[in-house]
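This is what each chain is made of:
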Amino acid sequence: MLPNIRIGNEVVGASFCPDDGHVNPLRLLRALHRGFLRLGGQYRSCCEVVNISHEYHRFTAETSGGNFTAPKIVLAAGHGISTLAPMVGLRVPIRPQRGQVLITERIEARLNLPITDVRQTDEGGLQFGTTEEDIGFNDGTTLIDTSRIARRAVQFFPQLASVRLVRNWGCVRVLTPDKCAIYDESESHPGAFVATSHSGVTLAAANAYRAAEWIADGVTPPDFGTFSARRFDVPAAA
Amino acid sequence: MFRRLHDAAKIAIEFEGRILQVAPHETVAAALLADGAEHTRTTPVTGAPRAPYCMMGVCFDCLMEIDGIPNRQACMTRVQDGMKVRRQDGVRRLEP
């Protein structure tokens, strides 16, 4: 299944899922912005939301760049959701978790499948990682973790030993208690939605199609209720 | 186009088989610009010719094969006597 690269002797097995894929986050971000602008959207940067008010079925987001009013509002603000959700009667349990990744120089195309912890982008760079660390909002990197990530990649594919790293970073995930996405509408403030997932890249297709239709047209996809944050509520004891 | 400000004692490096006399404090990128090199690599994706640009290690447009090691940043690498420098021709190949 990987005809263009030698697999290390320490690899004793693997699993395969035909539905796995890779979304290039840089191209995704650009595509989302272009699509949004083409549909008439306006992107405003540097507008930190300080308050959300709800009057006459309209929401007003008070921001550092002025007020914006609309009949619907979607919280898709990563960890900013923790501050914003109570303003519209939503309860969204999320916590930070750090992941570290390594990026190599570009090399010829060798990996034709995306693999957990080792994948190659369309332009040739390899991405290794990651970690799952509970250390708050610290987005730094550690030598012990990056060296372990690199060693693991070389164990998988020994030919990568000579490939040089050009970047590494730590990034803070937005995780729910069961690591699955939350898509929810406020019961007390209808028209206020929340969408959060780790990650918005991995779930790009669900966010761009299913979740967008659910919010814009009110069409609830089958089994979408599963993603309500109410799943975390403990049932009352009998 | 580029000219050296000062004359200095020179050492020899090899660029694509050609011997160049360069100053020992120069980076490979600076030495090649002073020599008038037109391009120092071609890109992995489109094959477009590129030359050193930022000269401070950020843009990665100066990647070259230096002493047999591909994709090295010529602007971050100081010349050494006898150094062999080649253009980075497209994407790096992986050893068999």
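These numbers come from a predicted model, not from an experiment.

**Observations regarding the domain arrangement of chain A**
Residues and elements named next belong to chain A.
Next, step 1: Its domain assignment divides chain A into domain 1 (48-94 + 178-232) and domain 2 (96-175).
Next, step 2: On a C-alpha basis, the centroid separation for the pair domain 1 and domain 2 is 31 Å.
Next, step 3: With eight residues of domain 1 at the interface, the matching set in domain 2 holds seven residues.
Next, step 4: Here domain 1 meets domain 2 over a buried area of about 690 Å², counting both sides, of which 67% is carbon and sulfur.
Next, step 5: Considering only the surface of domain 1 that becomes buried against domain 2, H79, K179 and H198 emerge as the three largest contributors, covering 74% of it.
Next, step 6: Taken together, domain 1 and domain 2 are joined by one salt bridge.
Next, step 7: Here K179 makes a salt bridge to E132, at a shortest N to O gap of 3.5 Å.

**A look at unusual backbone geometry**
Next, step 1: The step from H198(A) to S199(A) runs through a cis peptide bond, and the omega angle for that step is 5°.
Next, step 2: Within the secondary structure, S199(A) is located in the loop between β10 (192-196) and α4 (204-217).
Next, step 3: The phi dihedral of F60(B) is positive, around 60°, even though this residue is not glycine.
Next, step 4: Looking at the secondary structure, you find F60(B) in the loop between β4 (49-50) and β5 (63-66).

Reading guide: rules and limits
- Residues numbered from 1 in each chain as written.
- Chains lettered and ligands numbered in written order.
- Predicted model: local features only at pLDDT ≥ 70, side-chain atom pairs only at ≥ 80, totals over all residues.
- Heavy atoms only, no water.
- Domains from an automatic or database assignment.
- Contact = heavy atoms within 4.5 Å.
- Buried area = accessible area lost by both parts, 1.4 Å probe.
- Salt bridge = Lys/Arg side-chain N within 4 Å of Asp/Glu carboxyl O.
- Helix = DSSP H or I, 4+ residues; strand = E, 2+ residues; numbered from the N terminus.

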